[in-house]
Amino acid sequence: MECTHRVAIPPPQPFVKSLKCSLKETFFPDDPLRQFKNQPPSRKLVLGLHYFFPILQWAPRYTFEFLKSDLVSGITVASLAIPQGISYAKLANLPPILGLYSSFVPPLVYAMMGSSRDLAVGTVAVPSLLLASMLGNEVNANENPKLYLHLAFTATFFAGVFQASLGLLRLGFIVDFLSHATIVGFMAGAATVVCLQQLKEILGLDQFTHATDLVSVLRSVFSQTHEWRWESGVLGCCSLFFLISTRYFSKRKPNFFWISAIAPLTSVVLGSLLVYQIHAEKHGVQVVGELKKGLNPVSLGDLEFVSPNLKATIKTGIITGVIGFAEGIAVGRSFAMFKNYHIDGNKEMIAFGMMNIAGSCTSCYLTTGPFSRAAVNYSAGCKTALSNIVMAIAVMFTLLFLTPLFHYTPLLYYEAAIHLWQVDKFDFVVCISAYIGVVFGSVEIGLVIAMAISLLRVLLFIARPRTMVLGNLPNSTIFRNAEQYPNASNVPGVLILQIDAPIYFVNASYLRERIARWIDEEEDRIKSSGETCLQYVIMVMSAVGNIDTSGISMLEEIKKAIDRRGLKLVLANPGGEVMKKLHKSKFVENMGQECIYLTVGEAVAGCKYMLQTCKSNPVIVAETRNLT
């Protein structure tokens, strides 16, 4: 039987051209330079400015209708940003005013350079907690607040440099190594730690542990029961009940999203009025204290580039920078998907980096795109990044005129985990492991566990690829996984195996052993059922995108082992890259081009033809065995 089609061997390519194609696919998968082709120099300059400053692209097309939507969105987000900024700055052991500073300059930079229409930038709980934990190991914020503040600015500067460098070098794919399950577990653990840290203010404690793990916090809390202040506890619990109630109501009534959005600011205002009227600060309720009026002071001279703490500062900047852009890009992509537009992760890294560099020079600490603000911005109907400018102007107004009003301000994802359990048990284990690492260890330990598990998952997928037996669906020439389709039947005398991954040195040994076990199991099944003895093993290579020299050696060993059993190896649908390497290694020549088929159907038909021919002509059987 002659096959209609033969598997082609791709024409050879020069090494330089092949390397160029590989680098392009790695660093420029979206081909950002395509728009510059065949353009005059002046147009290239304009396109380049559009790439780095998207505001130049959408600003000329801006309309009054957009302005109305962005005004509402910006003011609504500002009502959330003000109390969030104050509380997150306290979480980072920084002066509360820095939370407001960080909601003024960075949003202006992002509005010019960011590509997301929905992201509203500002400070976030997890990087704030990381900053307090990592810098707190070097400098005590209470004993040396000036040095601690300078190190926080310096860490923010290095975070910005790191983020911008990754974006310029097109290394945005690094974010993809943090899986969704890992991020869910880490963020949930960090949220738990944030809640535990609030016990200090809720209970009115003056002394509190610097550790973040559950055991240390609970020990610190219950060893000071005589110091608990019921006034602070009542005020904190009432505020918490108010926030939870408004959030529950807004989730039940999506049209009233603005109620939960303004709830934090409302809670701050009502709490401040109550504390002022009854002088609760004299009864153990801790307050923010005086906030300095005025815009961000320049802090360029406060950056500590020559310091014994420089190594720890750089480490803090890199780690908080990774968490910052991982959350910001994930949030931005989520909302871009809702509105049917695309954001470039590398451009976002550049924007995040530049806003943090600018922020570090203007008394801000690390900012990114938190989900809470983006959700409010999206729900309020924002149209462009101008909502960030509106938010910044609202914060500027607060800094100039309203900061004295906050003197008396009191300080205070199970659905995702269930979804992971239902969909993928291993992802659930990853999530819980990251959570336990954060809650019972520290934020740093949780981060290390989260990243280690993410890499382990990738290595497991590569080192232990899926292999499966294919069967023939009734009344068709379609071959599918026999486990997934129980009605798929075996082809007498033929074992069809599919490999679902590239073949590299890390999985070559496993595949050799697993394929041998498949053959043993098939021969045992045939003996017990009395079916036609096994003659052919077809390896379906359609999912094998690449193969290295270890993989080729593995195929050669499998062929020899199959030959020794008196069987014949057949390949089906190897890709161009695989075929090219098999040809160069002489594997195709040794195996024979006639044993390589374009489709599984043709390979099965060829094997059936040979089996029928051998049955009708015993001489061919002997010749075939001699050949093998």
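Residues numbered from 1 in each chain as written. Predicted model: local features only at pLDDT ≥ 70, side-chain atom pairs only at ≥ 80, totals over all residues. Heavy atoms only, no water.

**Quick look at the overall build of the protein**
The following threshold applies: The secondary structure listing takes helices from DSSP runs of H or I that are at least 4 residues long and strands from runs of E that are at least 2 residues long, numbered from the N terminus. Summary of the burial criterion: residues with accessible area below 20% of their type's maximum are buried, those above 50% are exposed, and those between are partly exposed, where the area comes from a 1.4 Å probe applied to protein chains only. To be clear on the numbers: accessible area is Shrake-Rupley with a 1.4 Å probe, and residue cover counts the displayed protein chains and nothing else.
Helices and strands together make up the secondary structure of the protein, namely 26 helices and six strands. For the protein, the proportion of its 628 residues judged to be buried stands at 50%. Total accessible area on the protein is roughly 31,200 Å²; 63% of this is exposed by carbon and sulfur atoms.

**Things to note about the environment of methionine 354**
Note on placement: methionine 354 falls in helix H15 (residues 345–360). Once the C-alpha coordinates of methionine 354 and proline 106 are considered, the two residues, 248 residues apart in sequence, prove to be 8.6 Å apart.

**Brief notes about the UniProt feature "transmembrane region" (unreviewed entry) in the protein**
Put simply, the rule is: UniProt positions are given in the numbering used here, feature names are shortened, and annotations may be inferred rather than shown by experiment.
According to UniProt, the positions carrying the feature "transmembrane region" (unreviewed entry) are residues 148–171, 177–196, 256–276, 385–406 and 426–459. Between the C-alpha atoms that bound residues 148–171 the distance is 31 Å, and the span itself is 88% helix and 0% strand.

**Focus on the sheet that holds strand E3 (residues 494–499)**
Where we set the bar: For two strands to be treated as a pair, DSSP must find no fewer than two bridges joining them.
Across the sheet, which stays open at both edges, the six strands sit in the order E2-E1-E3-E4-E5-E6 with mixed pairing between neighbours. Each of the sheet's edge strands pairs with one partner strand only, and the pair in question is strand E2 (479–481) and strand E6 (596–597).

**Side note on the side chain of asparagine 507**
Basically, it comes down to this: Contacts were defined at the residue level, with two residues in contact if any of their heavy atoms lie within 4.5 Å.
Inspection of the secondary structure puts asparagine 507 in helix H21 (residues 505–529). Discounting chain neighbours no more than four positions away, the residues touching asparagine 507 are Ile462, Ala463, Pro465 and Pro502.

**Considerations on the pairing of strand E4 (residues 536–540)**
Operational definition: By convention a crossover is right-handed if, when the strands point away from the viewer, the path from the first strand over the helix to the second runs clockwise.
Of all five residues in E4, five are buried; the element is thus mostly enclosed. The alternating pattern of E4 places Tyr536, Ile538 and Val540 and Val537 and Met539 on opposite faces, both of which are buried. Alignment of E3 against E4, held across five bridges, turns out to be parallel. Among the inter-strand pairings, isoleucine 496 is bridged to a residue of E4, identified as isoleucine 538. On the question of chirality, the crossover connecting E3 to the parallel E4 by way of H21 is right-handed. Note: E4 against strand E5 (residues 568–572), five bridges, orientation parallel. Of the residues in E5, the one forming a bridge with methionine 539 is leucine 571. For the crossover that starts at E4, traverses helix H22 (residues 549–564) and ends in the parallel E5, the hand is right-handed.

**Some details on the pairing of strand E1 (residues 467–472)**
Across the six residues that make up E1, a large majority, six, are buried. Residues Thr467, Val469 and Gly471 line one face of E1 and the alternating positions Met468, Leu470 and Asn472 line the opposite face, and both faces are buried. Taking the residues that link successive antiparallel strands as the turn, the E1-E2 hairpin has six residues, and the phi of asparagine 475 there is positive, at about 55 degrees.

**Overview of helix H23 (residues 576–584)**
Within H23, burial applies to Val578, Met579, Lys580 and Leu582. Residues of H23 that are buried in the fold lie against H22, E5, helix H24 (587–591) and E6. Where H23 terminates, the next one or two residues include lysine 586, which has phi positive at roughly 70 degrees.

**Observations concerning the nonpolar core**
Stated precisely, the cut-off is as follows: Residues belong to one nonpolar core when they are buried, are Ala, Val, Leu, Ile, Met, Phe, Trp, Tyr or Cys, and are joined through side-chain atoms within 4.5 Å.
Of all hydrophobic cores here, the largest spans 65 residues; its most connected members are Leu94, Leu98, Leu131 and Tyr365. Setting aside anything within four residues of it in sequence, one finds leucine 98 in contact with Leu149, Phe153, Ser363 and Tyr365. Core analysis: the second largest hydrophobic core is formed by 34 residues, Ile499, Leu534, Leu555 and Phe587 among them.

**What about the packing of helix H8 (residues 145–168) against helix H14 (residues 310–339)?**
Note the threshold: Convention adopted: a line fitted to C-alpha atoms gives each axis, helices being fitted over their contacting stretch, and angles between N-to-C directions are expressed from 0 to 180 degrees. Each angle is binned into one of four classes, with values under 35 degrees roughly parallel, values over 145 roughly antiparallel, values of 65 to 115 roughly perpendicular, and all other values oblique. What makes a crossing left-handed is the near helix being turned counterclockwise from the far one by less than a right angle; a clockwise turn instead makes it right-handed. Residue type decides the class: Asp, Glu, Lys and Arg count as charged, Ala, Val, Leu, Ile, Met, Phe, Trp, Tyr, Cys and Pro as nonpolar, and the leftover types, Gly among them, as polar.
At a minimum axis distance of 7 Å, the contact between H8 and H14 shows a crossing angle of 55 degrees. With respect to their mutual orientation, H8 and H14 come out oblique. Regarding H8 and H14, the two cross each other, and that crossing is right-handed. Taking contact as the criterion, the partners of Leu151, Thr154, Ala155, Phe158, Ala159, Phe162, Gln163 and Leu166 in H8 are, on H14, Leu310, Thr313, Ile314, Thr316, Gly317, Ile318, Thr320, Gly321, Val322, Gly324 and Phe325. Here the contact of H8 with H14 is built from residues that sort into eleven nonpolar, eight polar and no charged.

**As for the confidence of the model for the protein**
The test is simple: As a per-residue measure, pLDDT tells how confident the predictor is, with possible values from 0 to 100.
In the predicted model, the protein carries a mean pLDDT of 80, and the fraction of residues at 70 or more is 85%. Averaged pLDDT values for the elements of the protein fall to 47 in helix H26 (residues 618–627) and rise to 93 in E4. Counting contacts from residues 405–413, a segment whose pLDDT is below 50, to residues more than four positions away or on other chains yields 43 contacts. Confidence drops under pLDDT 50 across residues 619–628; counting only partners more than four residues distant or on other chains, this segment forms seven contacts.

**Re the side chain of aspartate 548**
Formally: A 3.5 Å cut-off defines polar contacts: any pair of N or O atoms within that distance qualifies, except that in protein one atom must be a possible hydrogen donor and the other a possible acceptor, and neighbouring residues in sequence count only when both atoms are side-chain atoms.
Considering the arrangement of structural elements, one finds aspartate 548 in the loop between E4 and H22. A polar contact of 2.9 Å, which involves the side chain of aspartate 548, links it to the backbone nitrogen of glycine 551. Leaving out residues up to four positions away in the same chain, aspartate 548 has contacts with Ile503, Tyr504 and Phe505.

**Side note on unusual backbone geometry**
Although it is not a glycine, asparagine 93 sits at a positive phi angle of roughly 60 degrees. Inspection of the secondary structure assignment puts asparagine 93 in the loop between helix H4 (64–91) and helix H5 (97–101). Of note, lysine 586 is a non-glycine position whose phi angle comes to about 70 degrees, a positive value. Mapped onto the fold, lysine 586 is located in the loop between H23 and H24.

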